[in-house]
Amino acid sequence: MSKNNSLVVVGAQWGDEGKGKVIDHLAVKADLVARFQGGNNAGHTVVYGANIFKLHHVPSGILNKNTLCLLGNGMVVNPLILIKEMNELEKRGIDTSNLRISGKAHLILDYHEALDESNEKLLGEKKIGTTGRGIGPSYADKALRRGIRAIELTDFSRFKNRLAEVLPLQNRILRDIFDHPGYELDQLAEKYRPAVERLGPLVTDISLILDQGLAGGKKVLFEGAQGALLDIDHGTYPYVTSSSTVAAAAASGTGLGPQRLGQVLGVMKAYTTRVGEGPFPSEDKGEAGDQLRERGNEFGTTTGRPRRCGWFDAVIARYAAMINGLTGLALTKLDVLSGMEIVKIAVAYRCNGKEIKNFPSSIEELKLCEPVYESFPGWDEDISRARSLDDLPPAARNFIEALQKTVGVDAELVSVGPDRSQTIICPDSQLAKWFS
Ligand code: GDP
Ligand code: IMO
Ligand code: MG
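These figures come from a predicted structure and were not determined experimentally. (Residues numbered from 1 in each chain as written. Chains lettered and ligands numbered in written order. Predicted model: local features only at pLDDT ≥ 70, side-chain atom pairs only at ≥ 80, totals over all residues. Heavy atoms only, no water.)

### Details of the site of ligand 2
- Asp 16, Lys 19, His 44, Thr 131 and Thr 241 are the nearest of the 20 residues found near ligand 2.
- At 2.7 Å, a side-chain N or O of His 44 approaches an oxygen atom of ligand 2.
- Within the backbone of Gln 226, one N or O atom sits 2.9 Å away from an oxygen atom of ligand 2.
- Out of a free accessible area of 550 Å², ligand 2 has 98% covered by protein chains.
- At a threshold of 2 Å from the grid points, most atoms of ligand 2 map onto the largest pocket.
- Split by residue class, the shell around ligand 2 holds 7 nonpolar, 10 polar and 3 charged.
- In this structure, the shell around ligand 2 is formed jointly by two domains, domain 1 (3-103 + 205-434) and domain 2 (106-202), each of which donates at least three residues. (Near = heavy atom within 4 Å. Polar contact = N/O pair within 3.5 Å; in protein donor to acceptor, adjacent residues only side chain to side chain. Areas by Shrake-Rupley, 256 points an atom, 1.4 Å probe, with all protein chains shown as cover. 1 Å grid on protein atoms, 1.4 Å probe; cavity = no way out; pocket = protein on both sides within 12 Å on 5 of 7 lines; lining within 4 Å. Sits in = over half its atoms within 2 Å of the grid points. Nonpolar A, V, L, I, M, F, W, Y, C, P; charged D, E, K, R; others polar. Domains from an automatic or database assignment.)

Take a look at the structure:
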């Protein structure tokens, strides 16, 4: 098996880096695309021509008819929302019969959403700013060994029996702590009957499909959701999501050994954004931040919330490179910087009078960090039609070079617009081999 057959694509900032666009572009060469963590907190946008698709559970390879799309065991899946997503795709002429779900993926049920909302309300000003999709409570149930897995959807009475085991405790928590009315077993079970009918037949052993596919020379893409700084272990805890978002999770989240993973492409915007609460050293609450939000149309794909914006942060990028073992960068939204007089990169932080280059693990220290910027001349040209690095103005190329140098990883893909065609694959990069 050649390692060039498998490619992991992860978010290397706080999510929304453009993973969906990058995956869709690479998926033309993929036999299999697998999600390995997260759930419908993800919002991955794919654009081609006048078509805009916003995907939440479904891997961004779905637009390719011949690509098998897998939901891995590391995911949490809301069955009814997944059916809705599939129906919407079908209505638009996209075939979803190529979708498979790991029996070991955990389900997000109504009470998880209720608990997510209730937890956030209880936290008040200290809230995480979750997407409200029930992600945290579903992963918590998995860890507490009281989750319900997709395998239960293969048989209605099996699903209902499992629900009967776990619902009394969920109801007690909801009623006693959160003053929520709770759920009635028969009613709740019936609500999920369509999921048994529609999704049950799609439940299968994902590891086996991947193992046999890789052994047979098939090309596999692993699609990350969220981003490095939202990782449950390595992110800005507690302002993180509840899954492991880093590349290593592509192995555990699908049921493969780590030696089966090939290159690791880290998707980064040419600036930085974050949705929800938590520290963000290079956040710009002034004119530059507003300009980035407006030009980059920085409003959440899942919740519509305005994204917080700021300059590119090389400290988090170096950290993301380390914790993921990035072999290349996919630099997106470079076009958004066109027309800015100067463009900046945070190359270090200043904290308690000291300059630091490494990302601090203490969130209290991070809150005190001020970015140390290097400024570069901007460019006025519209670069959205550039299809090779040579088409870019010298100032844009200088910016990419400075960014690569300070991050220590080379750009292999540069994105200059949302459309799948607005993509530059850097010649001589490892990624170029993916297309050969
Ligand atoms: P994801 O969650 O990482 O897949 O990213 P999202 O889809 O949530 O957010 C990225 C947004 O930027 C989407 O609206 C994309 O269509 C858009 N986008 C992706 N790449 C580019 C790019 O290079 N330039 C511009 N202008 N938009 C882009
Ligand atoms: P994609 O895949 C950006 C953020 C939420 C919140 C925190 C926890 O589109 O990049 P959760 O609902 O997961 O418990 O929320 O994580 N968050 C994201 N931010 N992009 C995402 O996904 C996100 N998924 C979760 O805003 O701060
Ligand atoms: Mg998104």
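Moving on, there is more to tell.
### Details of the pattern of salt bridges
- Per the stated rule, a full pass over the model turns up 21 salt bridges.
- With its nearest N and O atoms 2.6 Å apart, the salt bridge here joins Asp 186 to Lys 160. Of this pair, Asp 186 sits in helix H6 (residues 185-191) while Lys 160 sits in helix H5 (residues 156-178); the two residues are 26 residues apart in sequence, bridging distant segments of the chain.
- Take Asp 186: its relative accessible area is 41%, and that puts it in the partly exposed class.
- Judged by relative accessible area, which is 23%, Lys 160 ranks as partly exposed.
- Glu 190 is paired through a salt bridge with Arg 193; the nearest N and O atoms lie 2.9 Å apart.
- Among the residues examined, Glu 190 registers a relative accessible area of 39% and is labelled partly exposed.
- Connected via shared salt-bridge partners are Asp 16, Lys 269, Glu 298, Arg 307 and Lys 333. (Salt bridge = Lys/Arg side-chain N within 4 Å of Asp/Glu carboxyl O. Helix = DSSP H or I, 4+ residues; strand = E, 2+ residues; numbered from the N terminus. Buried < 20%, exposed > 50% of the residue type's maximum accessible area, 1.4 Å probe, protein only.)

### Description of the coordination of the magnesium ion (ligand 3)
- Surrounding the magnesium ion (ligand 3) are the protein donor atoms Asp 16 (OD) and Gly 43 (O), which sit 2.0 to 2.2 Å from the metal. Taken together, the residues span a long stretch of sequence, with Asp 16 in the loop between strand S1 (6-11) and helix H1 (19-27) and Gly 43 in the loop between strand S2 (32-35) and strand S3 (44-48) at a distance of 27 residues.
- Its relative accessible area of 9% is what places Gly 43 among the buried residues. (Donors = N, O, S within 2.8 Å, 3.2 Å for Na, K, Ca; no water.)

### Overview of the site of ligand 1
- The environment of ligand 1 is made up of 19 residues, and the closest members are Lys 19, Gly 43, Thr 45, Asp 335 and Ser 415.
- Contact between ligand 1 and Lys 19: an oxygen atom at 2.7 Å from a main-chain N or O atom of the residue.
- The contact in question runs from an oxygen atom of ligand 1 to an N or O atom on the side chain of Arg 307, over 3.2 Å.
- Under a 2 Å grid-point criterion requiring more than half of the atoms, the pocket assigned to ligand 1 is the second largest pocket.
- Taken together, the elements giving at least two residues each to the shell around ligand 1 come down to H1 and S3.

### A closer look at the sheet that holds strand S7 (residues 99-102)
- The sheet built from 10 strands is open, its strands ordered S9-S7-S5-S2-S10-S1-S11-S14-S18-S19 with mixed pairing. Of all strands in the sheet, those with a lone pairing partner are strand S9 (203-204) and strand S19 (423-425), marking the two edges.
- One ladder, built from 5 bridges, connects strand S11 (residues 263-269) with strand S14 (residues 328-332); its direction is parallel. Each bridged residue has a counterpart across the sheet, and for Lys 269 the counterpart in S14 is Thr 332.
- Sitting on the sheet, H1 is in contact with S1, S2, strand S10 (220-223), S11, S14, strand S18 (411-415) and S19, with an inclination near 165° to S1. (Pairing = 2+ DSSP bridges. Contact = heavy atoms within 4.5 Å. Axes fitted to C-alpha atoms, helices over the stretch in contact; angles between N-to-C directions.)

### A look at helix H8 (residues 206-215)
- When H8 is considered as a whole, its buried residues turn out to be Ile 206, Ser 207, Leu 210, Gly 213 and Leu 214. An end-on view of H8 places all buried positions within 135° of arc, on one side of the element. For H8, the exposed residues set more than 90 degrees away from the buried face come down to Gln 212 and Ala 215.
- For H8, the elements touching its buried residues are S1, S2, strand S5 (68-71), S7, S9 and S10. (Arc of directions from axis to C-beta.)

### Looking at helix H4 (residues 135-143)
- Burial in H4 covers these residues: Ile 135, Pro 137, Ser 138, Tyr 139 and Asp 141.
- Downstream of H4 by a residue or two, Arg 145 has a phi angle that is positive, lying close to 60°.

### Topic: the domain arrangement of the chain
- Taken domain by domain, the chain consists of domain 1 (3-103 + 205-434) and domain 2 (106-202).
- Taking only C-alpha atoms, the centre of domain 1 and the centre of domain 2 are 29 Å apart.
- At the junction of the two partners, domain 1 supplies 35 residues and domain 2 supplies 28 residues.
- Taken together, both faces of the contact between domain 1 and domain 2 bury some 2,500 Å²; the carbon and sulfur share is 60%.
- The three residues of domain 1 that bury the most area against domain 2 are Val 76, Pro 79 and Leu 80, which together make up 21% of that side's buried surface.
- Our count for the domain 1 to domain 2 interface comes out at 1 salt bridge.
- Where Lys 127 meets Glu 277, a salt bridge forms, and the shortest distance between an N and an O atom there is 3.8 Å.
- In this assembly, domain 1 and domain 2 are joined by 12 residue pairs in polar contact (both at pLDDT 80 or more).
- Every element with two or more residues in the side of domain 1 that touches domain 2 is listed here: strand S6 (76-77), helix H2 (79-91) and S7.
- Its residues assigned to classes, the side of domain 1 that touches domain 2 comprises 13 nonpolar, 18 polar and 4 charged. (Buried area = accessible area lost by both parts, 1.4 Å probe.)

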